[in-house]
2 protein chains.
Amino acid sequence: MQIITIQPEAIFQALADETRLRIIRLKVVTGDESCLCELVDSLQEPSYKLSRHLKILRQAGLLSSQKEGRWVYHRLVTTPAYLAQLYATVQALPDSKGIYRADLKRFRDRLCLREDGRCQVGIQSEAFKTEAG
Amino acid sequence: MQIITIQPEAIFQALADETRLRIIRLKVVTGDESCLCELVDSLQEPSYKLSRHLKILRQAGLLSSQKEGRWVYHRLVTTPAYLAQLYATVQALPDSKGIYRADLKRFRDRLCLREDGRCQVGIQSEAFKTEAG
DNA sequence: TGCATGATTGCACTATAGTGCAAGTGTTGT
DNA sequence: ACAACACTTGCACTATAGTGCAATCATGCA
């Protein structure tokens, strides 16, 4: 079920937070769906924090979520067309501090732990910790 | 002088407000530069309110402002390229409540009061008031 | 059935943002 | 010099957003 955004500014409000922008940008670049624990390991942020930001993104209509057993997979919503256009803009943003590059690297490493394309392991924060945080 | 935005989320923060989105959208559609009093008449909002929102947009790097006598003209900043891309997205947003259409109509009417392409008259709010507000 | 675990949420706290009023700044024209 | 006017801003107030802790929900497995 997808929640339609009524107020246009809600879309920008959803992206007006560093953590949420990291989430969206990671998904824009990879295109993959991912569960919360994979995001926790990739962004190195506590699960309750990401869970709340995911909810906000869902309510803004940018993400759709689907439960599979214990795991909840989140993916980008790409319609209406202006959302796809928005994601292209997000992808074009500068990454002066290298945050998104670091997130992406951890995410790619984390994907290696999947089996049959599904997450099996839960939070492994320590294993993916880097000096950058 | 243009202020460079350091944090990408600041751009979205700047657009995460209905009034500021109305300002940007009006400028995206028309492409014109405009002074504060023209915006006051177009958006039917008090000048102190718009003045503050214009400042925020300026600090975010979306607008540049230039003083000409008593009047201050504001125009869109279109570089770097992702800003132009962002404006295209803004233009593609739905206008379910007809707000932007009404703003645009008042703005076009207001432009008729210019002489030699420059504003001459100051705030005329009452003259542009519509039943919609 | 009970436990481990992925995910969510209630609560309290803090910081920030938006607003209206009123005062102030700077420029034009008389 | 003075008044008018376009525009800005200090102040107080209110509402909202983000965060951490801890409790809770929900599912799979022994």
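I will try to describe carefully the structure that is included in this document. Quick caveat: nothing in here was measured; it's all calculated off a predicted structure.

Structural notes on the sheet that holds strand β2 (residues 63-68) of chain B
All names here are of chain B.
Alright, step 1. What the three strands build is an open sheet, ordered β1-β3-β2; its pairing is antiparallel. At either margin of the open sheet sits one strand with a lone partner, and together these are β1 (34-35) and β2.
Alright, step 2. The pairing of β2 with strand β3 (residues 71-76) spans six bridges and is antiparallel. Its bridge partner lying in β3, Q66 is registered against Y73.

Overview of the protein's contact with DNA strand D
Alright, step 1. The immediate surroundings of DNA strand D are formed by 25 residues, with R52 and H53 of chain A together with C37, S51 and G122 of chain B found nearest.
Alright, step 2. Among the atoms of DNA strand D close to the protein, meaning within 4 Å, 72% are from sugar or phosphate groups.
Alright, step 3. Between DNA strand D and R52 of chain A, the relevant distance is 2.7 Å, taken from a base oxygen to a side-chain nitrogen or oxygen of the residue.
Alright, step 4. A distance of 3.2 Å separates a sugar or linking oxygen of DNA strand D from a polar side-chain atom of K67 of chain A.
Alright, step 5. Mapped by element, the contributors of at least two residues to the surface near DNA strand D are α4 (47-59) of chain A together with α3 (36-43), α4 (47-59) and β3 of chain B.
Alright, step 6. Per element, the largest residue contribution to the surface near DNA strand D is six residues, and it comes from α4 of chain B.
Alright, step 7. Residues of the surface near DNA strand D, tallied by class, amount to 10 nonpolar, five polar and 10 charged.

What counts, and at which threshold
Residues numbered from 1 in each chain as written. Chains lettered and ligands numbered in written order. Predicted model: local features only at pLDDT ≥ 70, side-chain atom pairs only at ≥ 80, totals over all residues. Heavy atoms only, no water. Pairing = 2+ DSSP bridges. Helix = DSSP H or I, 4+ residues; strand = E, 2+ residues; numbered from the N terminus. Near = heavy atom within 4 Å. Polar contact = N/O pair within 3.5 Å; in protein donor to acceptor, adjacent residues only side chain to side chain. Nonpolar A, V, L, I, M, F, W, Y, C, P; charged D, E, K, R; others polar.

That's the geometry; what it means functionally is another story.
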